[in-house]
Number of protein chains: 2
Amino acid sequence: MTDTHKKSAAVWFESLRDSICATFEAIESEYCHAQLVDIEPRRFIRKSWERTDQVTGQAGGGGEMSTLKGRIFEKVGVNISTVYGSFAPEFAKSMPGAEHDPRFFATGISVVAHMRSPLVPAVHMNTRYIATTQDWFGGGADLNPVFPNPDDTQDFLIALKTACDAHGLAYFPKYKTWCDEYFYVPHRNRARGAGGIFYDHHNSGHWQNDFAFTQDVGKAFLDIYPKLVKRHVNEPWTSEERHAQLLYRGLYAEFNLLYDRGTTFGLKTGGNVEAILMSLPPEARWD
Amino acid sequence: MTDTHKKSAAVWFESLRDSICATFEAIESEYCHAQLVDIEPRRFIRKSWERTDQVTGQAGGGGEMSTLKGRIFEKVGVNISTVYGSFAPEFAKSMPGAEHDPRFFATGISVVAHMRSPLVPAVHMNTRYIATTQDWFGGGADLNPVFPNPDDTQDFLIALKTACDAHGLAYFPKYKTWCDEYFYVPHRNRARGAGGIFYDHHNSGHWQNDFAFTQDVGKAFLDIYPKLVKRHVNEPWTSEERHAQLLYRGLYAEFNLLYDRGTTFGLKTGGNVEAILMSLPPEARWD
C-alpha cells in the first residue's frame, strides 16, 4: 500500500458519508406520516473526536460522528474514522501482517439506522481499509427488518450482488454466506437480520479493483436502502408492530454487545465509546 | 460436601424464593401511585425448566423462574435452579476442584428487580452453592439506583455488613471491595450500581457457618430492599427522571451482556436463555 492508497480510501469514505447524510436528510424532511406528525424532522449533527494511540502515546488520528435523531430516522449514525498507530502486542498477533511490525492504519465508514416505523427495515453498513505490512478492505451491509419482507430482502441482495459481480463472480456467494454466519445469534437460534454481505481481508492483488469493489458496495447501499425506506415509510403501523420492533431491537443490542467483534474489541481496548455505541438502538425492550 | 449439604442449600434457596415473592407481591398489591393507577397490579408467574447435561447427555436438574411484570415492579425475576452433571473440559480447568473430576452440583437463587419508578432503586441479589471435589458459596447483593441516595446506600450496606459481621469481621470490607470492582463498567468509567457485596469461592472450612452466612445475606436482602421500595414508592417523578432511568438501564444491559460472567457464560454454553436474560431491563434507551 502507498500513502496515496490510504488517502484515496479516506477521501472516499468521507465523500460517501456526505452522500449518505444528504440522502437521509432529504428523506427526513420530505416524508411524514400521520403517526409521526408530532415529531419534528431533524438534521445530522456532526461531532469530531481525536485519538491518542494507546501504544505510542502519540496522536493517532480520529473521526467524525454524524447523528440524526428525527422523525423518519429514529436514530441514525454515520461515522467515519481514520486512525493509525501501533496495535497492542496481544492484538497484533491476531492481525495479518502485524505479527512483527505492529504499526497500522485504518480508515472506514460505519452506518446504523434505527427507524421509527417498525415496517421500515433497520440497516447496517460498514466498509473499511486497513493497512499493516499487508493491506485489505473489509465490510459489508445487512438488512435488519422486524418483519422480513421477501421483496425488500431480494432487492437489497440483488443490489449487493450486482456490486460484487462487477468485480468477481465468486464474491457474492462467499460474502453472503459469511454475513449469514457472522450475524447469527446462537443463544436465540436465529439470524440477527435478513441477510446481506460481509467480507474481510479482501485483497485480490489489485488494489484499484478492490477499492472499486468497496466503493461499489457503498454506492449499492446508497442506492437501494433509500428505496426500501420510501417503499414502506407511508404505511401505518400498530402498537403491536412497534412492540415487536422494540423486542427485535433487544436482540440487535444483544448481538452487538455479546458477539460483534468491532463493538467488544472497541469497548474493551479504549476506543471512542460514543462512536462505538452509536449502533445501539434508541429504545429497546426485553419483556 | 455431603448430599445433606446440597439438599439443605437447595431447600433454603427455594424457601428464600417463596419469601421474596410473597413480600414483593404484597408490595405490588398494597401500593399504588397517581402515575401508576392505570396499571393493574400483578402476581408472579412461575415457569419451570429442565436441563440436559451437555457432557453426559443425562438429566441435569433444572430450575424455576418466577416473573412479575406489574405496577410497582415493572419487571422482577426470582429464579432458582439446581443443576448437576459434568463441566465441559475447557470450563472444568477454570473451576476449583474440577481439574481432574469434572462432575459438579450447583444450586442458587437470582433476583433482579427493575422498578417502574425511577426513584425506587433497582436491585440484584444472587447466592449459590457449588460443589465439585471442593465446595463453596458465592453471591452477593447490589443496589442499582438511577439517582443514588446516600441514605438508601448506607442502609443497604449496613444490612449487608450486619449479615457479614455475624460470621467474620473480615468479610464485609473484602466483599464490598469485590463488589465495587466486579460491577465496574470500564468503557463508561463508572460503577454499574451504588454498591453492595460480592463473594465467591467462600469456604471457611465450616460448612454450617458458611451456609448460615449465605442465609443471612438472603435474609438481609429480604429485610432491607422492601424498606427502600416503600421509602420511595409514593414519590412522584418527572418524565426527565424516567428518561434518565431508561438510559441507566442501557448501562445495566451493557454490563450484563459485555461483562457479567454468569450471563456471557450461560448464553455461550447453552444455559436456559429465558432465565439468563431475565436480568435484562423491560425497557432501555441509548440516545
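Residues numbered from 1 in each chain as written. Chains lettered and ligands numbered in written order. Predicted model: local features only at pLDDT ≥ 70, side-chain atom pairs only at ≥ 80, totals over all residues. Heavy atoms only, no water.

Draft legend 1. Region of the structure containing the packing of helix 3 (residues 150-165) of chain B against helix 4 (residues 171-182) of chain B. All names here are of chain B. One can describe the packing of helix 3 onto helix 4 by two numbers: an axis separation of 8 Å at closest approach and a directional angle of 130°. Our classification of the angle between helix 3 and helix 4 gives oblique. Mapping the contact onto sequence places L157, L160, K161, C164 and D165 in helix 3 and Y171, F172 and K176 in helix 4. Residue classes in the contact of helix 3 with helix 4 are distributed as five nonpolar, no polar and three charged. (Axes fitted to C-alpha atoms, helices over the stretch in contact; angles between N-to-C directions. Helix = DSSP H or I, 4+ residues; strand = E, 2+ residues; numbered from the N terminus. Parallel < 35°, antiparallel > 145°, perpendicular 65-115°, else oblique. Contact = heavy atoms within 4.5 Å. Nonpolar A, V, L, I, M, F, W, Y, C, P; charged D, E, K, R; others polar.)

Draft legend 2. Highlighting the relation of the copies chain B and chain A. Overlaying chain B on chain A yields an RMSD of 0.0 Å, the required transformation being a rotation through 180° with an accompanying axial translation of 0.0 Å. Both copies of the chain, as the preceding transformation shows, are related through a two-fold rotation axis. Most of the interface of chain B is mirrored in chain A: 100% of its interface residues are interface residues there too. (Least-squares fit on C-alpha atoms with pLDDT ≥ 70 in both.)

Draft legend 3. Just the sheet that holds strand 4 (residues 103-115) of chain B, in detail. Residue and element names in this part refer to chain B. Read across the open sheet, the seven strands follow the order 1-2-3-4-5-6-9; overall the sheet is antiparallel. Edge positions in the sheet fall to strand 1 (45-52) and strand 9 (195-202), since each of these pairs with one other strand and no more. Geometrically, the sheet is characterised by an average inter-axis angle of 10° between neighbouring strands, direction not taken into account. As judged from the 10 bridges shared by strand 5 (residues 122-131) and strand 6 (residues 135-144), these two strands associate in the antiparallel manner. Its bridge partner lying in strand 6, Y129 is registered against F137. Lying on the sheet, helix 4 is in contact with strand 6 and strand 9; it crosses strand 9 at an angle near 105°. (Pairing = 2+ DSSP bridges.)

Draft legend 4. Just the pattern of salt bridges, in detail. Evaluation of the coordinates by the stated rule reveals 42 salt bridges over all chains. Between B:K161 and B:D165 there is a salt bridge, and its shortest N-O distance comes to 2.7 Å. Pair noted here: B:K161 and B:D165 are both in helix 3, with a separation of four residues, about one helical turn. Residue classification places B:K161 among the partly exposed positions, given a relative accessible area of 37%. Residue classification places B:D165 among the partly exposed residues on the basis of a relative accessible area of 24%. Here the salt bridges share partners, and the residues they tie into one network are A:E74, A:R242, A:R249, A:E283, B:R285 and B:D287. (Salt bridge = Lys/Arg side-chain N within 4 Å of Asp/Glu carboxyl O. Buried < 20%, exposed > 50% of the residue type's maximum accessible area, 1.4 Å probe, protein only.)

Draft legend 5. Highlighting the sheet that holds strand 3 (residues 73-86) of chain A. All names here are of chain A. What the seven strands build is an open sheet, ordered 1-2-3-4-5-6-9; its pairing is antiparallel. Looking at which strands have only one partner, the edges of the open sheet turn out to be strand 1 (45-52) and strand 9 (195-202). Here the strands of the sheet are splayed against their neighbours by 10° on average, with no regard to which way each runs. This element, helix 3 (residues 150-165), spans strand 5 (122-131), strand 6 (135-144) and strand 9 of the sheet and lies at about 25° to strand 9.

Draft legend 6. Representation of the packing of aromatic side chains in the model. All names here are of chain A. Enumeration according to the criterion identifies 48 aromatic pairs over all chains in this entry. Taken together, a centroid distance of 5.7 Å and an interplanar angle of 50° make the contact between F137 and W207 tilted. Here W207 lies in helix 5 (residues 207-232) and F137 lies in strand 6, a separation of 70 residues in the sequence. You can call W207 buried: its relative accessible area is 12%. (Phe/Tyr/Trp six-rings, centres within 6.5 Å; stacked < 30°, edge-to-face > 60°.)

Draft legend 7. Summary view of the environment of A:P89. For A:P89, the location among the structural elements is in helix 2 (residues 89-92). Once the C-alpha coordinates of A:P89 and A:D101 are considered, the two residues, 12 residues apart in sequence, prove to be 9.7 Å apart.

Draft legend 8. Layout of the interface of chain B and chain A. Listed as interface residues are 22 residues of chain B and, on the opposing side, 22 residues of chain A. Of the roughly 2,100 Å² buried between chain B and chain A, counting both surfaces, carbon and sulfur atoms make up 63%. The largest contributions to the chain B side of the interface with chain A come from B:L257, B:L258 and B:W286, which together make up 31% of the buried area. At the surface where chain B touches chain A, the tally comes to two salt bridges. The residue B:R285 makes a salt bridge to A:E283 at a minimum N-O spacing of 3.4 Å. The tally of links between chain B and chain A comes to 11 residue pairs in polar contact (both at pLDDT 80 or more). Of all elements in the fold, only helix 6 (239-258), helix 7 (261-268) and strand 10 (283-285) of chain B reach the threshold of two or more residues within the side of chain B that touches chain A. Examining the composition of the side of chain B that touches chain A, we find that four residues originate from one element, helix 6 of chain B, more than from any other. Of the residues contributing to the side of chain B that touches chain A, the split by class is 12 nonpolar, two polar and eight charged. Looking at chain direction, strand 10 (residues 283-285) of chain A and strand 10 of chain B are connected through three bridges and run antiparallel. Note that in strand 10 of chain B the partner of A:A284 across the bridge is B:A284. (Buried area = accessible area lost by both parts, 1.4 Å probe. Polar contact = N/O pair within 3.5 Å; in protein donor to acceptor, adjacent residues only side chain to side chain.)

Draft legend 9. Structural context of helix 3 of chain B. Residues and elements named next belong to chain B. End to end, helix 3 covers 21 Å across 16 residues, agreeing with the expected 22 Å (1.5 Å per residue, within 8%). All of the buried residues in helix 3 are D152, T153, F156, L157, A159, L160, A163 and C164. Buried residues of helix 3 fall within an arc of 150° about the axis and therefore sit on the same side. For helix 3, exposure combined with an orientation more than 90 degrees from the buried face picks out P150, D151 and T162. Its buried side turned inward, helix 3 meets strand 5, strand 6, helix 4, strand 9 and helix 5 (207-232). Here helix 3 starts with a cap whose side-chain oxygen sits 2.8 Å from the backbone nitrogen of D151, and that cap is N149. (Expected span 1.5 Å × (residues − 1). Arc of directions from axis to C-beta.)

Draft legend 10. Just unusual backbone geometry, in detail. For A:H201, which is not glycine, the phi torsion reads 50° and is therefore positive. Relative to the helices and strands, A:H201 resides in strand 9. Residue classification places A:H201 among the partly exposed residues on the basis of a relative accessible area of 41%. For B:N189, which is not glycine, the phi dihedral falls at a positive 55°. Relative to the helices and strands, B:N189 resides in the loop between strand 7 (184-185) and strand 8 (190-191). What makes B:N189 exposed here is its relative accessible area of 61%.

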